[in-house]
Amino acid sequence: METIKILITAAVTSICFLVFCAGLFPPDPPKKKKKKKKNKVKSKPEKPLEAYCFECETEMPVKEKNGKLFCSNCGLIHWQNGGV
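(A) Looking closely at helix α1 (residues 2–24). For α1, with 23 residues, the first-to-last C-alpha span of 33 Å sits near the 33 Å given by 1.5 Å per residue. By the criterion of burial, α1 is predominantly exposed, with just zero of the 23 residues buried.

Written as C-alpha coordinates, this is what we have:
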(Lines give C-alpha, C1' and ligand atoms only; values in the text may rest on other atoms or scores of the structure.)
Protein backbone atom coordinates (compact mmCIF):
# COMPACT_ATOMS: atom_id res chain seq x y z
CA MET A 1 0.00 0.00 0.00
CA GLU A 2 2.85 2.34 0.81
CA THR A 3 4.46 1.78 -2.57
CA ILE A 4 1.21 2.63 -4.37
CA LYS A 5 0.96 5.92 -2.43
CA ILE A 6 4.58 6.71 -3.32
CA LEU A 7 3.98 5.92 -7.02
CA ILE A 8 0.79 8.03 -7.14
CA THR A 9 2.53 10.91 -5.36
CA ALA A 10 5.48 10.67 -7.76
CA ALA A 11 3.16 10.59 -10.79
CA VAL A 12 1.13 13.59 -9.59
CA THR A 13 4.30 15.49 -8.72
CA SER A 14 5.84 14.81 -12.12
CA ILE A 15 2.63 15.86 -13.91
CA CYS A 16 2.51 19.07 -11.87
CA PHE A 17 6.18 19.71 -12.65
CA LEU A 18 5.57 19.21 -16.40
CA VAL A 19 2.56 21.58 -16.32
CA PHE A 20 4.67 24.14 -14.44
CA CYS A 21 7.51 23.86 -16.99
CA ALA A 22 5.04 24.16 -19.88
CA GLY A 23 3.83 27.44 -18.39
CA LEU A 24 7.39 28.78 -18.09
CA PHE A 25 8.33 27.84 -21.64
CA PRO A 26 5.24 28.21 -23.81
CA PRO A 27 5.49 27.01 -27.41
CA ASP A 28 6.31 29.56 -30.08
CA PRO A 29 3.24 31.15 -31.67
CA PRO A 30 2.57 29.94 -35.19
CA LYS A 31 4.34 32.05 -37.79
CA LYS A 32 2.19 33.85 -40.31
CA LYS A 33 2.77 32.75 -43.84
CA LYS A 34 4.14 35.45 -46.05
CA LYS A 35 2.07 36.15 -49.11
CA LYS A 36 3.89 35.52 -52.31
CA LYS A 37 4.33 38.60 -54.40
CA LYS A 38 2.90 38.22 -57.83
CA ASN A 39 5.28 38.97 -60.61
CA LYS A 40 4.13 42.30 -61.86
CA VAL A 41 4.50 42.84 -65.55
CA LYS A 42 6.45 45.98 -66.10
CA SER A 43 4.42 48.14 -68.41
CA LYS A 44 6.29 49.74 -71.21
CA PRO A 45 5.82 53.47 -71.56
CA GLU A 46 2.89 53.99 -73.86
CA LYS A 47 3.60 55.40 -77.25
CA PRO A 48 2.03 58.79 -77.72
CA LEU A 49 -1.22 58.74 -79.60
CA GLU A 50 -0.64 59.30 -83.30
CA ALA A 51 -2.89 60.76 -85.96
CA TYR A 52 -2.43 61.76 -89.59
CA CYS A 53 -1.51 65.42 -89.88
CA PHE A 54 -2.51 67.09 -93.14
CA GLU A 55 0.04 69.87 -92.62
CA CYS A 56 3.00 67.51 -92.01
CA GLU A 57 1.50 64.93 -94.41
CA THR A 58 2.45 62.00 -92.16
CA GLU A 59 1.43 60.24 -88.96
CA MET A 60 2.58 62.43 -86.07
CA PRO A 61 2.27 62.13 -82.29
CA VAL A 62 -0.50 64.29 -80.89
CA LYS A 63 -0.83 66.23 -77.65
CA GLU A 64 -4.06 66.81 -75.79
CA LYS A 65 -5.02 70.22 -74.47
CA ASN A 66 -8.49 71.16 -73.21
CA GLY A 67 -9.91 67.95 -74.70
CA LYS A 68 -8.58 68.74 -78.19
CA LEU A 69 -5.79 66.95 -80.00
CA PHE A 70 -2.97 68.97 -81.54
CA CYS A 71 -0.10 67.84 -83.75
CA SER A 72 3.05 67.82 -81.64
CA ASN A 73 5.07 69.02 -84.62
CA CYS A 74 3.09 71.88 -86.20
CA GLY A 75 0.21 72.43 -83.75
CA LEU A 76 -2.60 71.69 -86.22
CA ILE A 77 -5.87 70.75 -84.48
CA HIS A 78 -6.94 67.18 -85.26
CA TRP A 79 -10.53 66.04 -85.43
CA GLN A 80 -11.75 64.26 -82.36
CA ASN A 81 -15.13 62.70 -81.54
CA GLY A 82 -16.74 64.05 -84.71
CA GLY A 83 -15.79 67.66 -84.11
CA VAL A 84 -12.97 70.06 -83.39
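(B) Inspection of the pairing of strand β3 (residues 68–71) at higher detail. Residues of β3 alternate between two faces, with L69 and C71 buried on one and K68 and F70 left unburied on the opposite face. Pairing geometry for strand β2 (residues 58–65) and β3, over four bridges, is antiparallel. Looking at the pairing, V62 lines up with C71 of β3.

(C) Representation of the pairing of β2 within the structure. When strand β1 (residues 50–53) meets β2, the two strands line up antiparallel, connected through four bridges. In the sheet register, E50 faces β2, and the bridge partner there is P61. With antiparallel pairing between neighbouring strands as the criterion, β1 and β2 make up a hairpin whose turn holds four residues, including E57 at a positive phi of roughly 60 degrees. Here β2 folds back onto β3 in antiparallel fashion, the turn holding two residues, of which N66 has a positive phi close to 55 degrees.

What counts and what doesn't
- Residues numbered from 1 in each chain as written.
- Predicted model: local features only at pLDDT ≥ 70, side-chain atom pairs only at ≥ 80, totals over all residues.
- Heavy atoms only, no water.
- Helix = DSSP H or I, 4+ residues; strand = E, 2+ residues; numbered from the N terminus.
- Expected span 1.5 Å × (residues − 1).
- Buried < 20%, exposed > 50% of the residue type's maximum accessible area, 1.4 Å probe, protein only.
- Pairing = 2+ DSSP bridges.

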